[in-house]
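One-letter residues, chain by chain:
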Amino acid sequence: MFNWLSNIFGKKNENKQLNNFDSSIHFDKPKCINCLNCVRSCAKYSVTFLETQKDSSNQKIYPISSPNSKKDCIYCGQCTSHCPTGAFSEVENILDVKKAIADKSKVVVFQFAPSIRVSIGEEFNLPHGQVVTDQLAQAIRELGVDYVFDTSVGADFTTNEEAKEMIEKISSGKCQILFSSCCPSWVKFVEFYYPEYIPNIATARSPQMILAGLIKTYWAKQKSIDAKVIVNVSVMPCTSKKYEILRPENKVDGVQMIDYVITTRELAKMLKEKSIDIAKITPKPADNPLGEPSGAGVIYGASGGVMESALRTAYCKMTGKCLKNIEFTQVRGMQGIKVAEININSKKIRVAVVNTIPNAKKILAELKQNPSAYSCVEVMACPGGCVGGGGQPKPVNDQIIQKRIEALYKIDKDKKVRIASENPILKQIYKEFLKDDAIIKKICHTSYSKKAKEVK
Ligand code: SF4
């Protein structure tokens, strides 16, 4: 699985044209124009995994992963977002997905992440931040897909479970930090670089993983479909999500829940190949029952969205006041670190919201000095959160990310239900299916472990 070819640009592999970073990212050397945007992005947003080296003729400087480096890639894909030629790009799964769609013995189910609805329009010449939720669902159907669900519904379940963990930590009065868990690059960062904090990561599975588990269990049973014929495909803003689905910890009863992840860019490529234009399509919403999220599920795509969603549900559960318009605007925005003190039932909760790994390092350094500095910390690896993810349309900059963020909060504002735990479908599924701790643990929770270097 982690078949990384060491020293990708060194003498050893000089003739290699294509090199994979496990299942997520590849490098196509002939396309490299030596601009080194990849190396700079890796330093600015991530773990400085990529370095530079002169080639054998000592003429050109190339990006390199040094074989002696003690660092490991976290698959955030910021190198792919900032590479102007596509030399760094996601490992494509388009052919696998097309094959599944063409196979009439399969039931192909797509889900699309919160941030895609405000970014994919850019691939079809729509303005930055244009909301295309229902156009997106219909465009996916026109590829020949059988069912289309919304990952934001999965986010409502993640929130509900994470809020329970948050309440437990707050109520215990012990100084324990709870870290968010839905960004696989952040999780990999902790597992590899700071394993001492593994017990502090929320065990709630990420939105795509919970939704996929529900599709292959609850929904399959409802529809009398054999789970074995379901092919789950996720459209994600993210290269790291390709890695997340293969993590052994994310299997349910030994079965991989998501078959393929494609990025926003891959989906746009598939649609363009079939001349399906999101800008012109007649909109039709995602399918029921897993197609109608709360507003809290949608804001997951922005930095601060996971924290605000969890706080809304925690407030509702702790006070019994589930106010429709409850907002925690202190945690919104593009700043690298946002800090807020929230008062719930006379308990003061200090929270931090972090985007990009260099800022996460700062927070971890602060926590080493003062372990009770924060109760809850959200970390997303990409700038601005998943709206700035490594699989999103290019080019990208802070202004474009800001437009995408504003669009997500506008969707939230217009939603009838804005608290995850108040979503009627969530309540129904807990009543009918997620009835006891054992099944909740199986479908909604995962585990973590110290990781050795994977990309060698
Ligand atoms: Fe993926 Fe979002 Fe994390 Fe970026 S911030 S690596 S897009 S989950």
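See the structure shown above.
A brief structural summary.

Calculation notes
- Residues numbered from 1 in each chain as written.
- Predicted model: local features only at pLDDT ≥ 70, side-chain atom pairs only at ≥ 80, totals over all residues.
- Heavy atoms only, no water.
- Helix = DSSP H or I, 4+ residues; strand = E, 2+ residues; numbered from the N terminus.
- Rg over C-alpha atoms; globule rule 2.2 N^0.38 Å.
- Buried < 20%, exposed > 50% of the residue type's maximum accessible area, 1.4 Å probe, protein only.
- Contact = heavy atoms within 4.5 Å.
- Lys, Arg positive; Asp, Glu negative; His and termini not counted.
- Charge placed at Lys NZ, Arg CZ, Asp CG, Glu CD.
- 1 Å grid on protein atoms, 1.4 Å probe; cavity = no way out; pocket = protein on both sides within 12 Å on 5 of 7 lines; lining within 4 Å.
- Points joined across faces, edges and corners; volume = space filled by probe spheres on them.
- Nonpolar A, V, L, I, M, F, W, Y, C, P; charged D, E, K, R; others polar.
- Near = heavy atom within 4 Å.
- Arc of directions from axis to C-beta.
- Pairing = 2+ DSSP bridges.
- Axes fitted to C-alpha atoms, helices over the stretch in contact; angles between N-to-C directions.

### Structural notes on the overall build of the protein chain
Regarding its fold elements, the protein chain presents 15 helices and 13 strands. Expected size for 456 residues packed as a compact globule is a radius of gyration near 23 Å; at 21 Å, the protein chain falls within 12% of this value. Burial status across the protein chain gives 62% buried among its 456 residues. Put simply, of all contacts in the protein chain between residues at least 6 apart along the chain, 76% involve residues at least 24 apart. If you average the places of the 65 positive and of the 47 negative side-chain charges in the protein chain, the two averages end up 3 Å apart.

### Quick word on empty space enclosed by the protein
Enumeration over the complete set of coordinates arrives at six cavities of 30 Å³ or more. Of the voids in this model, the largest cavity is the one considered here, and its volume is about 140 Å³. In terms of lining residues, the largest cavity is bounded by 15 residues, among which Ala113, Pro114, Pro207, Lys241 and Cys386 are the most central. Looking at the lining of the largest cavity, its residues break down into ten nonpolar, four polar and one charged.

### Remarks on the environment of Val379
Counting through the fold element by element, Val379 comes out in strand β13 (residues 376–380). Judged by its relative accessible area of 1%, Val379 is buried. Each C-alpha atom of the pair Val379 and Asn359 lies 8.9 Å from the other, and the pair is 20 residues apart in sequence. When residues no more than four places from it in sequence are discounted, the contact partners of Val379 are Ser180, Cys183, Trp186, Val354 and Ala360.

### Describing the site of the ligand
In the vicinity of the ligand, the contacting residues are Cys183, Pro184, Ser185, Cys238, Lys241, Met380, Ala381, Cys382, Cys386 and Gly389. Here the shell around the ligand is built from residues that sort into seven nonpolar, two polar and one charged.

### Describing helix α1 (residues 37–45)
When we look at burial in α1, the residues that qualify are Cys38, Val39, Ser41, Cys42 and Tyr45. Buried residues of α1, seen end-on, are gathered within an arc of 165 degrees and therefore sit on one face of the element. As for α1, its buried residues are in contact with β3 (51–54), β4 (61–64), α2 (78–82), β5 (88–90) and α12 (357–369).

### Focus on the sheet that holds strand β11 (residues 337–344)
Two strands in a sheet stick together by hydrogen bonds in their backbones, pointing the same way (parallel) or opposite ways (antiparallel). One open sheet accounts for four strands, arranged β8-β13-β12-β11; its pairing is mixed. With partners counted over all chains shown, the strands left at the sheet margins are β8 (178–179) and β11, one partner each. Relative to β13, strand β12 (residues 347–355) runs parallel, the two being bridged by five bridges. The residue of β13 that forms the bridge with Ala352 is Val377. Contacts from α12 reach β8, β11, β12 and β13 within the one sheet, and its direction differs from that of β12 by about 145 degrees.

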